[in-house]
Amino acid sequence: MRHDLTSKALIAVVFWPSLFFFWFLGPFVLFLLSTTSSEVCPLLETRAQFLAAANGTLPMLVIQNLIYAVPIACLVLWSRLSPEPARARHIATCIKLFAVAALIGAVWEYGSSLTCDGYGRPFFSTAWQMTSYLPIVILLINIPLYVRVFSLGRAYSTRDDITEDGVVHPSQDNP
């Protein structure tokens, strides 16, 4: 019991800062790092140059999605420590929503690099230009994802022996 509580606390120490910094503040920074810079775009003249610049952003997109996965990994670890079928279903839903959001986000950021805010439009189909609407879809997916992850994180990181009124009840397992 003591090891479970310690493990849950250690995971909470990783979960809450990563949720705040990576999910709430990180998109602004990582979006800027994972797209072709606005200084480079006017210098690109051929389709091959635009493709090379967009493909150069792919490693950052992979790193970004791995960093974003830290809170989801924490939820999975918590569910391994204290398995509950109802929470496991919510975690599976979070994983699915995260995968869809990550995929759509990667397409959006790659498309932003490819069209380079209008500079590459003559070279590519209008489908890549339509990626500018994907943030709306991502927002519609991320709102329920954030709510679920936050509520699951709160449920897992609070002690089981504390009631709603803040009273600590000794565990029946420990003599």
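Turning to a nonpolar patch on the surface, a few remarks are in order. Nonpolar side chains collect at one region of the surface, where F20, F21, F22, F24 and L25 lie side by side and expose about 460 Å² of accessible area between them. Take F21: its relative accessible area is 47%, and that puts it in the partly exposed class.

Predicted confidence across the protein chain gives a mean pLDDT of 80, with 80% of residues reaching 70 or more. When pLDDT is averaged over each element of the protein chain, helix 4 (residues 70-81) comes out on top at 91 and helix 1 (residues 2-33) at the bottom at 77.

Mapped onto the fold, V70 is located in helix 4. A sequence separation of 47 residues divides V70 from W23, and the C-alpha atoms of the two residues are 9.8 Å apart. When near neighbours in sequence (up to four residues on either side) are disregarded, V70 contacts V14, S18 and F22.

Time to look at helix 7 (residues 134-157). Note that an α-helix has 3.6 residues per turn; residues three or four places apart therefore point the same way. With 24 residues, helix 7 ought to run about 34 Å at 1.5 Å a step, and its terminal C-alpha atoms sit 33 Å apart, in line with that. A bend of about 25° at N142 is the largest found in helix 7, and the proline P144 appears one to four places after it. Buried within helix 7 we find L134, I138, I141, N142, L145, V149, L152, G153 and Y156.

Our focus in this paragraph is the pattern of salt bridges. If you walk through the whole model with that rule in mind, you get one salt bridge. The salt bridge partner of E84 is R87, with a shortest N-O separation of 3.4 Å.

A word on the packing of aromatic side chains. Counted under the stated rule, the structure contains seven aromatic pairs. Judged by centre distance (4.8 Å) and plane angle (85°), the rings of F15 and W16 are edge-to-face. Residue classification places W16 among the partly exposed positions, given a relative accessible area of 27%. Through a chain of ring-to-ring contacts, three or more aromatic side chains come together here, namely F15, W16, W78, F150 and Y156. For R87, the ring lying beneath its charged end belongs to Y156, and the centroid distance is 4.6 Å.

In contact at an axis separation of 10 Å, helix 4 and helix 7 are set at 40° when each is read in the N-to-C sense. In terms of orientation, helix 4 lies oblique with respect to helix 7. In terms of crossing hand, the pair formed by helix 4 and helix 7 is left-handed. Side by side, helix 4 and helix 7 meet where P71, I72, L75, W78 and S79 of the first sit next to L145, V149, L152, G153, Y156 and S157 of the second.

Thresholds, definitions, all that
- Residues numbered from 1 in each chain as written.
- Predicted model: local features only at pLDDT ≥ 70, side-chain atom pairs only at ≥ 80, totals over all residues.
- Heavy atoms only, no water.
- Patch = residues over 30% accessible without salt bridge, like charges linked within 9 Å, V, L, I, M, F, W, Y side chains within 5 Å.
- Areas by Shrake-Rupley, 256 points an atom, 1.4 Å probe, with all protein chains shown as cover.
- Salt bridge = Lys/Arg side-chain N within 4 Å of Asp/Glu carboxyl O.
- Buried < 20%, exposed > 50% of the residue type's maximum accessible area, 1.4 Å probe, protein only.
- pLDDT = per-residue confidence, 0-100.
- Helix = DSSP H or I, 4+ residues; strand = E, 2+ residues; numbered from the N terminus.
- Contact = heavy atoms within 4.5 Å.
- Expected span 1.5 Å × (residues − 1).
- Bend = angle between axes of the 7 residues up to and from the residue.
- Phe/Tyr/Trp six-rings, centres within 6.5 Å; stacked < 30°, edge-to-face > 60°.
- Lys NZ or Arg CZ within 6 Å of the ring centre and 35° of its normal.
- Axes fitted to C-alpha atoms, helices over the stretch in contact; angles between N-to-C directions.
- Parallel < 35°, antiparallel > 145°, perpendicular 65-115°, else oblique.
- Left-handed = near helix turned anticlockwise from the far one by under 90°.

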